[in-house]
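The primary structure of each chain is shown beneath.
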Amino acid sequence: MRALALALALTLSGGPLTAQEWTPEQQGLIDHITACWDAWVEALAEPTPESFFAACATDPRGHWWWTAEGAPDQLVTSVERNWSVIRETDIDWAGLRPIYVDVFGDVGIVHLYGYWRARTPEGETTTEMKRTEVFQRRDGVWTLIGAQSAPATPADADPYR
């Protein structure tokens, strides 16, 4: 009877709680984003962001929407502006937490939380951002074609936080 009760409880609760599992294709897209974020941090030590662009293909027609800055901007322009603003900051990414990842043929979409750590004379701060990144696979390479980023807010609640 106890086993039946446990089985019923697991069925009603949706089963045991486990970490998110991704298909190999989804994980490949997450790994690509991870490599791009590593390339971003490395590029901050360079005189231009060209090493980032070399590691992470971006479509010059694509747009990035930093919601705090109004309308979407060209991807390349947005990346270059962000790079020039934070270049002198001791910054590193502290983690990313994918919420939704899917691949539709040669298009991939990822909704994630990203965590960036900055060290300043005033101390260390960690910023949490909500992001959506859209990629198109071209000749086997994921190319960023659009993105949106906004600061996380108190309204962001479990299970997404």
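Residues numbered from 1 in each chain as written. Predicted model: local features only at pLDDT ≥ 70, side-chain atom pairs only at ≥ 80, totals over all residues. Heavy atoms only, no water.

## Describing the confidence of the model for the chain
The predicted coordinates should not be examined in detail at positions where pLDDT is low.
So, step 1. Per-residue pLDDT for the chain averages 81, and the proportion of residues at 70 or more is 85%.
So, step 2. A low-confidence stretch, residues 1–18 stays under pLDDT 50, and its non-local contacts, those more than four residues away or across chains, total two contacts. (pLDDT = per-residue confidence, 0-100. Contact = heavy atoms within 4.5 Å.)

## Concerning the side chain of Thr143
So, step 1. Within the element layout of this structure, Thr143 appears in strand E6 (residues 141–151).
So, step 2. Ignoring sequence-local partners within four residues, the contact set of Thr143 consists of Ala57, Thr58, Asp59, Val134, Phe135, Gln136 and Arg138. (Helix = DSSP H or I, 4+ residues; strand = E, 2+ residues; numbered from the N terminus.)

## Some words on the packing of aromatic side chains
So, step 1. Per the stated rule, a full pass over the model turns up six aromatic pairs.
So, step 2. Between the aromatic rings of Trp37 and Trp93, the centroid separation amounts to 5.4 Å while the plane-to-plane angle is 90°, which identifies the pairing as edge-to-face. Here Trp37 is found in helix H2 (residues 24–43), whereas its partner Trp93 is found in strand E3 (residues 90–104), with 56 residues between them in sequence. Accessibility assignment for this pair places Trp37 and Trp93 in one class, buried.
So, step 3. When the ring of Trp40 is compared with that of Phe52, the centres are 5.3 Å apart and the planes differ by 85°; the resulting orientation is edge-to-face. Within this pair, whereas Trp40 is found in helix H2, its partner Phe52 is found in helix H3 (residues 50–55), the two being separated by 12 residues in sequence.
So, step 4. On the basis of relative accessibility, which here comes to 8%, the residue Trp40 falls in the buried class.
So, step 5. Three or more aromatic residues joined by ring pairs form one cluster here, namely Trp37, Trp93 and Trp116. (Phe/Tyr/Trp six-rings, centres within 6.5 Å; stacked < 30°, edge-to-face > 60°. Buried < 20%, exposed > 50% of the residue type's maximum accessible area, 1.4 Å probe, protein only.)

## A short note on the sheet that holds strand E5 (residues 123–138)
So, step 1. A sheet is described by the order of its strands in space; here six strands give the open sequence E2-E1-E6-E5-E4-E3, paired in mixed fashion. Both edges of this open sheet fall to strand E2 (73–74) and E3, since each of them pairs with a single strand only.
So, step 2. Two strands pair when backbone bridges link them, and strand E1 (residues 58–66) and E2 are joined in this way by two bridges, in the antiparallel orientation. In the strand pairing of E2, Trp64 is matched with Asp73. (Pairing = 2+ DSSP bridges.)

## Some remarks on H2
For an α-helix the count is 3.6 residues per turn, leaving residues at separations of three or four pointing the same way.
So, step 1. Here H2 contains 20 residues, and its C-alpha end-to-end distance of 28 Å stays within 8% of the 28 Å for a straight helix at 1.5 Å per residue.
So, step 2. Turning to H2, its buried residues are Gln26, Leu29, Ile30, His32, Ile33, Cys36, Trp37, Ala39, Trp40 and Ala43.
So, step 3. Buried residues along H2 sit in contact with H3, helix H4 (75–86), E3, strand E4 (107–120), E5 and E6. (Expected span 1.5 Å × (residues − 1).)

## Remarks on the state of the cysteines
So, step 1. Throughout the structure, instances matching the rule amount to one disulfide.
So, step 2. Bridging Cys36 to Cys56, the disulfide has an S-S length of 2.1 Å. One quick way to see it: the torsion about the S-S bond of Cys36 and Cys56 is about -125°, and its sign makes the bridge left-handed. One end of the pair, Cys36, is in helix H2; the other, Cys56, is in the loop between H3 and E1, with 20 residues separating them in the sequence. The two residues Cys36 and Cys56 agree in class, both being buried. (Disulfide = S-S within 2.5 Å.)

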